[in-house]
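# Commentary on secondary and tertiary structure
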Amino acid sequence: MGIFLAFGLIPKSHRLMNALAAGNGMLHLVMSCVALSMLDLPERLGETLYLDHLNLYVELITSLGFTAAAFYARGYTDSLMEAGELDPRNLKTFYLAFNLLLVTATVALFSDNLALFWIFAELTTVCAAMLVAILSARENIDAALKYVFIVSGAMLFAFLGLIFLFTLSEQALGKGTLNWTELAVHASEFSPALLLASFTFMFIGFGAKAGVAPFHTWLPDAYARAPSVSAILSGLMQNLGIYGIIRMYSLLRESNVAPQASSILLAAGVFSIALASFSMFQQRNLKRLIAFSSVEHMGLLLIGIGIGTPLALFWALFYMLVHVLVKETLLFSAGILHRQYRSNMRENMWDVFKLQPRAAWGLILGSIAIVGMPPFPLFPAKFFILLESAAVSPYLTLALLLMLILAAASFANFLLKAFSKVTVEEEKDRHTIRTHVEAGRAELKTAAEKADHDEIRLPNKYVVRSGMRVPAIFMLALAFALGVYFPDSLRDLLDAIILELGYV
Amino acid sequence: MNTSFLLFALLNPLFALLAAPLYMALIRKIKAYAQGRKGPRLFQVYYDLKKLMKKETVYSPTSSWVMRFTPYLNLSTLLVCSLFVPLVFVPEPAGGLGNIIVFLYLLALERFFTALGGLDAGSAFGGMGSSRSMSLAAVIEPTMVISFAALAFVLKSLNLHEMFALTAGKILPISPTLVLVSISLFIILIVETGRLPVDNPATHLELTMINEAMILEQAGKNLALLELAHALKQLLLMGILINTILPVGLSTEIDAGKIAVSALLFLMKAGLLAVIIGLFESSLAKMRLFRLPAFYVMAFFFSAITILIEVFA
Amino acid sequence: MIDPTFLEGIIKILFVFVLISAGLIISTRNLSSVLTAYTIQSFLLAAVSSLLYMIDGKNQLLLLAVLTLASKVILIPYFISRIEQKIKIGRDLHFAYLEPTPSLLLSIGLIILSYTFLSGVFKGLPLSKLFFFGAVIGLSLTLMGMLVVFSRKRVITKALGYLSMENGVLMFGLFVTELPFIIEVLIIIDLIILVILTTIMAVGMDSSIEEYRQKFRKLQIWTGGESQ
């Protein structure tokens with residue numbers, strides 16, 4: 001992996017850099033698959049690295065997303081550079097941060113020592129922020145800095161939680177330890193109040209990284225203002241936060257403060273979904289819509305984890321995978337549309353089907369998938385999680401259902417309003433008048449007016465490079481496939497994870 | 001009432017009255033030296049008071065009994081306050097005299113009537129001074145309360161005489177918290193006596209006045225009494241600060257020699273404090289009026305933390 | 001040896017001044033004052049650590065004191081003052097969402113909150129009164145730093161608020177447990193973050209895209225190897 005980093009500094013050609021990035025991603029992917037199938041897990045690599053099913057699974061998801069993003073990145077950054085929004089000199093930094101992100105995320109996932117995890121999680125924040133900031137516009141820097149401050153600040157709280165854990169282990173075992181494995185073994189011996197406090201602090205930290213309300217405020221800006229690729233990568237980092245929360249919660253399950261921890265998770269989850277659903281309805285910016293949808297999904301994930309039953313966790317883990325797939329599809333398509341219209345706003349998207357049919361369909365299908373319609377895989381995941389939540393409280397399920405419907409409606413609303421804007425040519429007084437027609441509303445301009453104002457021209461069709469199209473289709477297809485057919489190997493993997501985490 | 005307190009009641013106010021104007025002049029002299037001038041004579045304020053007593057007292061036709069009453073009230077209130085703060089020796093506590101809360105309230109009474117007196121003459125400047133003074137006083141009150149509470153907490157009593165009996169004669173303050181409390185007390189001293197950076201006592205521009213504006217309309221004997229009261233307030237607050245931070249030499253017994261020594265020591269310590277105040281004033285510019293509450297809140301924050309530390313740790 | 005109670009008294013005084021410096025960071029409007037307050041805070045932290053070393057005698061504490069002194073009292077303030085010079089000089093006034101007065105009052109509330117929270121949580125853990133209060137101060141410092149990050153608009157103050165938060169975490173760890181080498185790694189990570197922030201910020205928070213590009217070229221940062 002280090003080799004890739006080093007090589008990444010040498011080439012000047014974009015193609016080569018991009019190929020290396022993609023190669024990096026694929027290497028990780030292959031490694032995790034190999035490890036999953038061949039190694040006898042869980043297994044330690046040295047003092048601090050530790051491989052078990054959970055982190056290999058998350059690694060799998062991450063590297064899959066990363067590879068697709070790498071393929072997409074080439075076309076995207078090319079067009080950014082053409083448009084002048086990206087300085088070619090910054091390209092090297094971009095790819096450096098790109099590769100570094102994957103490497104640090106991997107080390108974070110594989111580390112047994114909590115402190116090491118913390119450090120590398122911070123490093124991923126920094127890399128992701130660099131990626132967000134890479135476009136030289138001022139708003140991007142604001143978004144990047146917001147990201148860094150909110151997440152790093154929250155991670156400092158997580159560090160406080162770390163210190164708590166350390167004292168706990170010191171008290172119980174005589175020698176402080178910050179290793180997941182050791183802590184998991186002795187979790188029931190720890191004093192409950194301190195354990196709960198530690199959990200709360202770490203939840204603050206990891207929750208901010210995952211984009212859970214009320215620490216999600218960095219998300220909309222980061223998604224909206226960053227180039228699509230960066231948005232994807234921030235999304236991958238959210239999985240890192242969820243990973244931390246899963247581990248922490250499994251640590252807590254044995255002790256008798258589990259109900260309180262559950263309620264914290266559930267409350268935060270419900271709050272996220274509520275906030276996201278209500279914000280989504282107002283959104284006119286496509287990427288912000290997607291960002292809030294992320295918040296909503298993270299909320300649902302939290303609920304799935306917080307319910308605490310093995311079945312809920314099973315589906316939550318599955319959810320992580322398919323969410324990444326579908327979200328990437330959406331973001332890829334949104335990126336293409338952004339390149340076409342130079343804007344994310346709903347008002348500026350005309351004639352989508354004429355100009356970018358594939359991207360439009362990608363968006364439509366992606367939205368259908370993300371709100372949880374069958375046959376896409378999010379449907380069973382949501383269904384089962386909601387089912388389990390009924391065991392906690394039927395009102396909970398009802399509320400969640402309502403909010404999820406609201407979210408679905410927001411997507412539908414957006415798509416309807418955005419995609420139905422069509423430029424209609426009318427022959428009138430020898431001038432070809434082009435007007436914009438929305439669903440149900442037509443604005444006519446008289447010829448006289450038109451003669452004075454600029455004619456609404458059909459913008460040039462943005463040529464989508466193949467590199468940008470393929471990943472979106474691939475992701476969507478994979479999601480669809482998973483929805484239709486649930487591979488047994490996946491089921492075994494998820495079962496193994498649940499067993500390892502101690503859920504009987 | 002025991003003899004110790006009777007003696008104290010005779011000695012202390014007299015000493016305070018006599019010593020108070022000295023320190024007003026001393027501070028002015030120090031400020032003058034800092035500015036490169038020679039400044040007034042050390043006994044200048046005595047001469048000023050004597051001159052004022054001989055002058056005619058004029059009252060505005062719209063003024064009421066308040067304006068005539070205020071100077072007498074102020075001076076008498078502060079004379080009573082001087083019974084609370086031991087300057088030359090610490091007597092046996094007698095009843096409620098010496099209670100720190102009563103002390104606070106007496107100071108508040110004095111401030112209240114000064115403000116009323118400023119309003120009474122009907123002039124615009126007086127009203128302005130009164131409103132400024134009252135609004136700022138409202139913000140500094142919590143700080144005063146908390147600092148005195150901290151003092152009471154550390155010295156384990158609500159009675160000033162008992163408090164200072166505990167610290168009397170020791171060279172260093174008995175608890176590190178007292179150092180912090182003294183900083184609060186110093187800020188309160190600056191605020192209550194209207195010194196820079198809160199208010200410039202030497203200003204002649206009415207629009208910049210806070211304290212001076214309220215006594216602008218007073219003349220002659222009344223003015224003399226008010227000036228004396230002001231000087232007395234300053235001395236008493238200085239006395240509290242000195243007894244907190246440098247109580248060396250304060251005697252607790254009735255012994256002519258020891259009392260003389262502690263009186264002398266007090267004069268020296270107060271002189272030192274006056275020099276410090278003068279230098280402090282010379283080094284700062286007056287703060288803008290609307291920034292003062294922020295400064296006061298910082299002082300409140302400081303005293304709040306002090307008392308939190310003292311109570312919780 | 002110096003009397004421990006005397007040292008503890010001094011530590012108490014230092015605590016107060018640490019909180020005061022945090023209050024200053026929250027309430028002051030002058031950019032350079034914020035930096036000075038931070039420097040004083042870090043210095044006090046180093047002093048507390050060395051005093052603890054004198055009480056307890058663990059070498060870790062002395063190492064921490066020296067490291068804090070080197071990085072947070074000398075290096076980081078130097079960096080930040082350079083940034084402050086590069087961003088337009090004379091920019092004194094600060095815009096804040098929350099006026100100083102309510103923020104200070106809120107901080108007192110936060111201190112009391114951390115006290116109640118920690119006294120509830122620490123029932124199982126025996127800590128001497130001083131150490132417990134040290135933990136409370138650490139937590140309050142973190143919360144106050146967070147207040148700064150959220151209520152101030154300018155990024156430099158946010159950065160200093162973040163650094164203040166980190167001081168708080170450090171102080172908390174100092175009193176609650178004996179931390180292994182992790183602390184030093186934490187400091188190094190912060191330095192990395194700071195360097196990156198420096199480059200982002202020094203090139204201009206408030207300049208337009210063109211000025212920004214020019215500044216990039218002028219300062220020769222992120223040139224991708226072409227700065228010869």
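A few points on the structure. The model shown is predicted, which means the values in this text are computed figures rather than measured ones.

A few words on the overall build of chain A. Assigned secondary structure in chain A consists of 20 helices and five strands. Taking all 504 residues of chain A together, 64% fall into the buried category. A sequence separation of at least 24 residues applies to 75% of the contacts in chain A between residues at least 6 apart. Of the roughly 17,700 Å² that chain A leaves accessible, carbon and sulfur atoms contribute 65%.

Turning next to the packing of helix H13 (residues 310-341) of chain A against helix H16 (residues 378-392) of chain A. Residues and elements named next belong to chain A. Two elements in contact, H13 and H16, have axes separated by 9 Å at closest approach and are oriented at 150°. Regarding the angle of H13 to H16, the classification is roughly antiparallel. When the axes of H13 and H16 are compared, the crossing they make is left-handed. Of H16, the residues touching H13 (which contributes Leu311, Ala312, Trp315, Ala316, Phe318, Tyr319 and Val322) are Leu378, Pro380, Ala381, Lys382, Phe384, Ile385 and Glu388. Looking at the contact of H13 with H16, its residues break down into 12 nonpolar, no polar and two charged.

Right, let's talk about helix H4 (residues 100-121) of chain C for a bit. Residue and element names in this part refer to chain C. Look at H4: 31 Å from first C-alpha to last across 22 residues, which is about the 32 Å you get at 1.5 Å a residue. Buried residues of H4: Pro100, Ser103, Leu104, Ser107, Ile108, Leu110, Ile111, Ser114, Tyr115, Leu118 and Val121, and no others. With its buried residues spanning 165° around the axis, H4 presents them on a single face.

Attention now goes to empty space enclosed by the protein. Summed over the entire model, instances satisfying the criterion amount to seven cavities of 30 Å³ or more. Volume-wise, the largest cavity comes out at about 330 Å³. What lines the largest cavity is a set of 23 residues, among which Ser133, Glu192, Asn211, Met214 and Lys233 of chain B lie closest to the centre. At the level of elements, helix H4 (100-120), helix H5 (124-155), helix H7 (176-192) and helix H8 (220-245) of chain B are the ones that each hand at least two residues to the lining of the largest cavity. Considering each element in turn, the lining of the largest cavity owes the most residues, five residues, to H8 of chain B. Residues of the lining of the largest cavity, tallied by class, amount to 11 nonpolar, six polar and six charged. Taken as a whole, the second largest cavity encloses approximately 80 Å³ of empty space. Lining the second largest cavity are Tyr223, Ala231, Ile232, Gly235, Leu236, Gln238, Ser294, His323, Val324, Lys327, Glu328 and Leu331 of chain A. Elements supplying a minimum of two residues to the lining of the second largest cavity: helix H10 (228-252) and H13 of chain A.

Moving on: the interface of chain C and chain B. Counting from both sides, the interface comprises 24 residues of chain C and, opposite them, 18 residues of chain B. Counting the surface chain C buries against chain B, the share from its top three residues, Lys12, Val16 and Phe133 of chain C, is 25%. Our count for the chain C to chain B interface comes out at zero salt bridges. Our count for the chain C to chain B interface comes out at zero residue pairs in polar contact (both at pLDDT 80 or more). Among the secondary structure elements, those contributing two or more residues to the side of chain C that touches chain B are helix H1 (4-27), H4 and helix H5 (129-151) of chain C. It is H1 of chain C that contributes the most residues to the side of chain C that touches chain B, 11 residues altogether.

This model, assessed by the stated rule, comprises eight salt bridges over all chains. Asp221 of chain A is the partner of Arg288 of chain A in a salt bridge, and the nearest nitrogen-oxygen pair spans 3.1 Å. With Arg288 of chain A in helix H12 (residues 286-307) and Asp221 of chain A in helix H9 (residues 218-225), the pair connects residues that are 67 residues apart, well separated along the chain. Given the relative accessible area of 8%, Asp221 of chain A is considered buried. Measuring nitrogen to oxygen at the nearest pair gives 3.5 Å for the salt bridge that ties Glu192 of chain B to Lys233 of chain B. Linking Glu192 of chain B in helix H7 with Lys233 of chain B in helix H8, this pair joins segments that are 41 residues apart in sequence. When its relative accessible area of 6% is taken as the criterion, Lys233 of chain B is described as buried. Among the charged side chains, a network of salt bridges with common partners joins Glu110, Arg111, Glu141, Glu192 and Lys233 of chain B.

Time to look at the packing of H13 of chain A against helix H15 (residues 357-370) of chain A. A pair of packed helices is captured by two measures, namely the crossing angle of their axes and the spacing between those axes. Residues and elements named next belong to chain A. Relative orientation of the contacting elements H13 and H15 amounts to 150°, with a least axis distance of 8 Å. Between H13 and H15, the angle falls in the class roughly antiparallel. Seen from above, H13 lies across H15 with left-handed handedness. Touching Val326, Lys327, Thr329, Leu330, Ser333, Ala334, Ile336 and Leu337 of H13 are Ala359, Gly362, Leu363, Gly366, Ser367, Ala369 and Ile370, all from H15. Classifying every residue of the contact of H13 with H15 gives nine nonpolar, five polar and one charged.

Residue and element names in this part refer to chain C. Looking at the secondary structure, you find Ile26 in helix H1. Distance in space between the C-alpha atoms of Ile26 and Met144 is 7.5 Å, their sequence separation being 118 residues. Not counting the four nearest positions on each side in its chain, Ile26 is found in contact with Ser103, Ser107, Met144, Leu147, Val148 and Arg152.

Criteria and thresholds
- Residues numbered from 1 in each chain as written.
- Chains lettered and ligands numbered in written order.
- Predicted model: local features only at pLDDT ≥ 70, side-chain atom pairs only at ≥ 80, totals over all residues.
- Heavy atoms only, no water.
- Helix = DSSP H or I, 4+ residues; strand = E, 2+ residues; numbered from the N terminus.
- Buried < 20%, exposed > 50% of the residue type's maximum accessible area, 1.4 Å probe, protein only.
- Contact = heavy atoms within 4.5 Å.
- Areas by Shrake-Rupley, 256 points an atom, 1.4 Å probe, with all protein chains shown as cover.
- Axes fitted to C-alpha atoms, helices over the stretch in contact; angles between N-to-C directions.
- Parallel < 35°, antiparallel > 145°, perpendicular 65-115°, else oblique.
- Left-handed = near helix turned anticlockwise from the far one by under 90°.
- Nonpolar A, V, L, I, M, F, W, Y, C, P; charged D, E, K, R; others polar.
- Expected span 1.5 Å × (residues − 1).
- Arc of directions from axis to C-beta.
- 1 Å grid on protein atoms, 1.4 Å probe; cavity = no way out; pocket = protein on both sides within 12 Å on 5 of 7 lines; lining within 4 Å.
- Points joined across faces, edges and corners; volume = space filled by probe spheres on them.
- Buried area = accessible area lost by both parts, 1.4 Å probe.
- Salt bridge = Lys/Arg side-chain N within 4 Å of Asp/Glu carboxyl O.
- Polar contact = N/O pair within 3.5 Å; in protein donor to acceptor, adjacent residues only side chain to side chain.

So far we have only geometry, and geometry alone does not tell us how the molecule works.
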